[in-house]
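Secondary and tertiary structure notes
Each chain, letter by letter, is given below.
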Amino acid sequence: MNDKNSKLIEEIQFMIRTIRSVRHVNFYFVLSIALSILITALEAIGLISIVPILQFLGSDPLHGSDSFLSPFFDLLKNDAGVIDIKKVALFVLFVAILKSTFVFISGIVGGYIPVMMKAGAVRSLLKMHLRSNLINLMQYDTGAWTSVYYRFIDQLCSIVMSVASSITQALLLALYGGIMFAMSPYAVMLTLLFVVVLWLTTRWMTDRQGRIGRQITDAATSYQQAGLQMISGMRLVQTVAGEDRMEEWVAGKLHTFVKFHYKAITASSIMQPITTVASGLFVASLLFFGDSLFSGKETDWLGSIILFVVVFYRMLGPATGLYGVRITIAQLWPALQKVKMFFELCSRSQLSFGDRDLGKSPSFDISISGLNFGFADTPILQDINLSIPSGSMLALVGESGAGKSTLANLIMRLYPTSAGQISIGGVNISEFSRKSFAENVGLVSQDTILFNDTLKNNFLFVQPDATEAEIWEALKKAKADQFVEELEQGLDTVIQEGGSRLSGGQRQRIALARALIRPKQILILDESTSQLDAFSEAVVQETITNLHGTTTLIVIAHRMSTVRKADAVAVLENGRVVEFGTPNQLLMEDTMFRQMIEFQQVSPA
Ligand SMILES: Nc1ncnc2c1ncn2[C@@H]1O[C@H](COP(=O)(O)OP(=O)(O)OP(=O)(O)O)[C@@H](O)[C@H]1O
Ligand SMILES: [Mg+2]
């Protein structure tokens, strides 16, 4: 089997797995297929009722093969044994109402399935996504992830629905084919000839549709990414008077997206005229060769041709439907491949945790030995060896890009370590459960992350059982109580997207308060006071100083005033610890640390 085929099989298997993971979906699928069969049967019965009408007109289109249908036709005859056209009319009406009822139910079931599937697929991706290794996830930006959740999963459902609808279409095709074959195998051969010619002439178009589909998918992602960047970058755009440039950039992406859509529409619009001309040709040939294709006297074979043509036109619906399914699949397949890629990425990135309870650790000494770390092939941290005794305070300083935040993230276990190890109380951090780790180790990250929800809920997200009193206490420690009190709705104030209703320093203090809500054994503060005014910072410093001795503190700061009280300072340069010692020791020598202090003209305590 070649590579392309095995890939295709894998993609189909993935699709089936995704569908099957959705609860109750099997039941709805079976119901949907059962309804399709019922509708097809009613369609057949409705169609056959044209025969008595033709018989009424004196033709016998089912010449010689109507015996098994005779009892059925007898029902539509009057006492004199002649077709009763009124009975036929009532019968046709009855069948139409019954069929419509099933079509209605089938519409509802068919509508439920994609919604259920979409929700199910999103849930399973979400479940894995949240538990994945951040490093792997960071290969793709927000725009790419947004496309997966809001576009590609939708499209995956459309593919499945197309396949499901093709079952009904195929059933109808088989039914009509059967009827036509019963009437005249030769005429069916003529029909097949037309179908094959039509198929061959339109085949290249399916390939083209596939190509355009891929182009649309890429253009859509790129357009979405540009849009997201525009929204988040508005402040910069206006600051640098970049409105025209930004508009041009986003509009350019939109233009590409629209252009490919137009291409797809043009390509699919050609189908209808081709099929119409072809079917006209087909009917003309039937009439030309009618006497040799159908048996019986002229009134009979003309009746047969009428029935044959009626069936043929009915067949065009499901046939173009099936063709449409092919086009839809060709266009949307790239979306399936993308969804599969992201599912796989998450599935192979699942983080594993141990089940040890960090809370029960006899000591909280942190020891880092021989730690190396890099993103992809770029080494970031090299041979880091540090030990941070329980209750002490380590200041991590160094130039921007030296690797301080990366080290903090590694200690927090946000990234798995590849070489070397980080242990707490002598136990590798990978052995602790995520929950016990989070309960005992806190991190205030460099970028403040607040959810678009009330202030209170932002606290409850990190500490679900926190009381309002505890929240106020924490706000006080982070010098955030005053401005929250001044907010009209206090803790019920909704923080808007990205915290835009709060200033940078206010957001930072909220984030700090959130980390201080319950005492932690270890607290990592990554530039957590960088945006505070000197007065607020002094209050926060006091809070941190109070923790000194009971909590192991790792403080990353550019401001030297923050690191004055540290027990030890580690200076990082290009991912290596180049200086280590107490602040005073480092100040006595000609060190980078001393240069930093002198540069900021802040003397150590
Ligand atoms: N997701 C990532 N993928 C690839 N490289 C990254 C990623 N995150 C950070 N880096 C690189 O790792 C290096 C260290 O980054 P890090 O954020 O740890 O620096 P830092 O010391 O905290 O700097 P700053 O003081 O500016 O916060 C930088 O060179 C940065 O470009
Ligand atoms: Mg940093």
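Reference entry: report on the structure contained in this document.

Calculation notes
In every chain, residue numbers begin from 1 and rise along the written sequence. Lettering of chains starts at A and numbering of ligands starts at 1, both following the order in which they are written. The predicted origin of the model limits local features to residues at a pLDDT of at least 70 and limits the giving and counting of side-chain atom pairs to 80 or more, whereas totals for whole chains, interfaces and linings rest on all residues. Think of the side-chain values as coming from all heavy atoms in the structure, minus any hydrogens and water. By definition, any uninterrupted DSSP run of H or I lasting at least four residues is a helix, any uninterrupted run of E lasting at least two residues is a strand, and each is numbered from the N terminus. Type-normalised accessible area, obtained with a 1.4 Å probe on protein chains alone, sets the label of each residue: buried when under 20%, exposed when over 50%, and partly exposed for intermediate values. Note on contacts: a residue pair is in contact if any heavy atoms of the two residues lie within 4.5 Å. Areas reported as accessible are Shrake-Rupley estimates using a 1.4 Å probe. Residue values count occlusion only from the protein chains shown. Positive residues here are Lys and Arg, negative ones are Asp and Glu, while His and the chain termini are left out of the count. To locate a charge, take NZ of a lysine, CZ of an arginine, CG of an aspartate or CD of a glutamate. Residues grouped as a nonpolar core are buried Ala, Val, Leu, Ile, Met, Phe, Trp, Tyr and Cys residues, joined through side-chain atoms within 4.5 Å. We call a residue near a molecule or strand whenever a single non-hydrogen atom of that residue lies within 4 Å of it. A 3.5 Å cut-off defines polar contacts: any pair of N or O atoms within that distance qualifies, except that in protein one atom must be a possible hydrogen donor and the other a possible acceptor, and neighbouring residues in sequence count only when both atoms are side-chain atoms. In this classification, Asp, Glu, Lys and Arg are treated as charged, Ala, Val, Leu, Ile, Met, Phe, Trp, Tyr, Cys and Pro as nonpolar, and every other residue, Gly included, as polar. In this analysis, a patch consists of residues with relative accessible area above 30% that form no salt bridge, clustered at 9 Å for like charges and at 5 Å for the nonpolar side chains Val, Leu, Ile, Met, Phe, Trp and Tyr. Any carboxyl oxygen of Asp or Glu that lies within 4 Å of a side-chain nitrogen of Lys or Arg is treated as forming a salt bridge with it. Here a donor is an N, O or S atom found within 2.8 Å of the metal, or within 3.2 Å if the metal is Na, K or Ca; sites may look incomplete because water is not among the atoms. Angular values range over 0 to 180 degrees, each being the angle between N-to-C directions of two axes fitted as lines to C-alpha atoms, with helices fitted over their stretch in contact. Roughly parallel means an angle under 35 degrees; roughly antiparallel means over 145; roughly perpendicular covers 65 to 115; every other angle is labelled oblique. Each crossing gets its handedness from the near helix: less than a right angle anticlockwise from the far helix is left-handed, clockwise is right-handed. The span you would expect from a helix comes to 1.5 Å times its residue count less one. Directions are taken from the helix axis to each C-beta atom, and the arc is the one they span. A pair of strands counts as paired when DSSP detects no fewer than two bridges linking them.

1. Topic: the overall build of the chain
- Helices and strands together make up the secondary structure of the chain, namely 22 helices and 10 strands.
- Counting only C-alpha atoms, the chain reaches 120 × 50 × 45 Å along its principal axes.
- Taking all 605 residues of the chain together, the buried fraction comes to 44%.
- Partitioning the contacts of the chain with sequence separation of at least 6, the portion at a separation of at least 24 is 75%.
- Surface summary for the chain: the accessible area is close to 31500 Å², and the carbon and sulfur share equals 60%.
- For the chain, the distance from the average position of its 50 positive side-chain charges to the average position of its 52 negative side-chain charges is 5 Å.

2. Quick word on the nonpolar core
- Counting residues in each nonpolar core, the largest one holds 45 residues, and the members touching the most others are V397, L475, I510 and F593.
- Ranked by the residues each element gives to this core, the list is headed by helix α18 (residues 504–516), at 6 residues.
- Counting 35 residues, the second largest nonpolar core, distinct from the first, contains A164, L332, W333 and L345.

3. Remarks on the site of ligand 1
- Close contacts around ligand 1 come from 13 residues, with S400, K404, S405, T406 and Q446 the closest.
- One of the side-chain nitrogen or oxygen atoms of Q446 is found 2.7 Å away from an oxygen atom of ligand 1.
- With the chains in place, 63% of the 630 Å² that ligand 1 exposes on its own is no longer accessible.
- The greatest single-element share of the shell around ligand 1, amounting to 3 residues, is contributed by helix α13 (residues 404–411).
- Residue composition of the shell around ligand 1, by class: 4 nonpolar, 7 polar and 2 charged.

4. Regarding a positive patch on the surface
- On the surface, K4, R211, R214, K259 and K263 cluster together to form a positively charged patch.
- Mapped onto the positive patch, the elements with two or more residues apiece are α8 (185–232) and α10 (243–269).

5. Here's the deal with the coordination of the magnesium ion (ligand 2)
- Only S405 (OG) and Q446 (OE1) from the protein coordinate the magnesium ion (ligand 2), and they sit 1.9 to 2.2 Å from it. Residue S405 is located in helix α13, and its partner Q446 is located in the loop between β6 (441–444) and α15 (455–462); the two are separated by 41 residues in the primary sequence.
- Residue classification places S405 among the partly exposed positions, given a relative accessible area of 22%.
- Residue classification places Q446 among the partly exposed residues on the basis of a relative accessible area of 40%.

6. Quick word on the pattern of salt bridges
- A full pass over the atoms with the stated rule returns 12 salt bridges.
- We note a salt bridge from D154 to K118, for which the minimum N-O separation is 3.2 Å. Taken together, the residues D154 in helix α7 (residues 142–183) and K118 in helix α5 (residues 85–130) connect sequence positions 36 residues apart.
- A residue is classified by how much of its surface remains accessible, and K118, at 30% relative accessible area, is partly exposed.
- Beyond isolated ion pairs, a larger network of salt bridges with shared partners links E10, K340 and E344.

7. Remarks on the packing of helix α16 (residues 468–477) against α18
- Remark: α16 packs on α18, axes separated minimally by 8 Å, with the N-to-C direction vectors making an angle of 125°. Comparing the axis directions of α16 and α18 gives the class oblique. Every pair of crossing elements has a handedness; the one defined by α16 and α18 is right-handed. Note on element contacts: α18 touches α16 through I510, A513 and L516, opposite A474, L475 and K477.
- Per-class residue counts for the contact of α16 with α18 are 5 nonpolar, no polar and 1 charged.

8. Let's talk about helix α1 (residues 3–20)
- In this model α1 runs 26 Å from its N-terminal to its C-terminal C-alpha over 18 residues, within 8% of the 26 Å that 1.5 Å per residue would give.
- The complete set of buried residues in α1 reads E11, F14, M15, T18 and I19. For α1, the arc enclosing every buried residue in end-on projection is 135°, short of the 170-degree limit, so these residues lie on one face. Turned more than 90 degrees away from the buried face of α1 sit R17 and R20, all of them exposed.

9. Description of the pairing of strand β10 (residues 576–581)
- Inspection of the sheet shows strand β9 (residues 568–573) paired to β10 by 5 bridges, in the antiparallel sense. Looking at β10, one finds that V569 is bridged to G581.
- Where β9 hands over to β10, the hairpin turn is made up of 2 residues, of which N574 adopts a positive phi near 45°.

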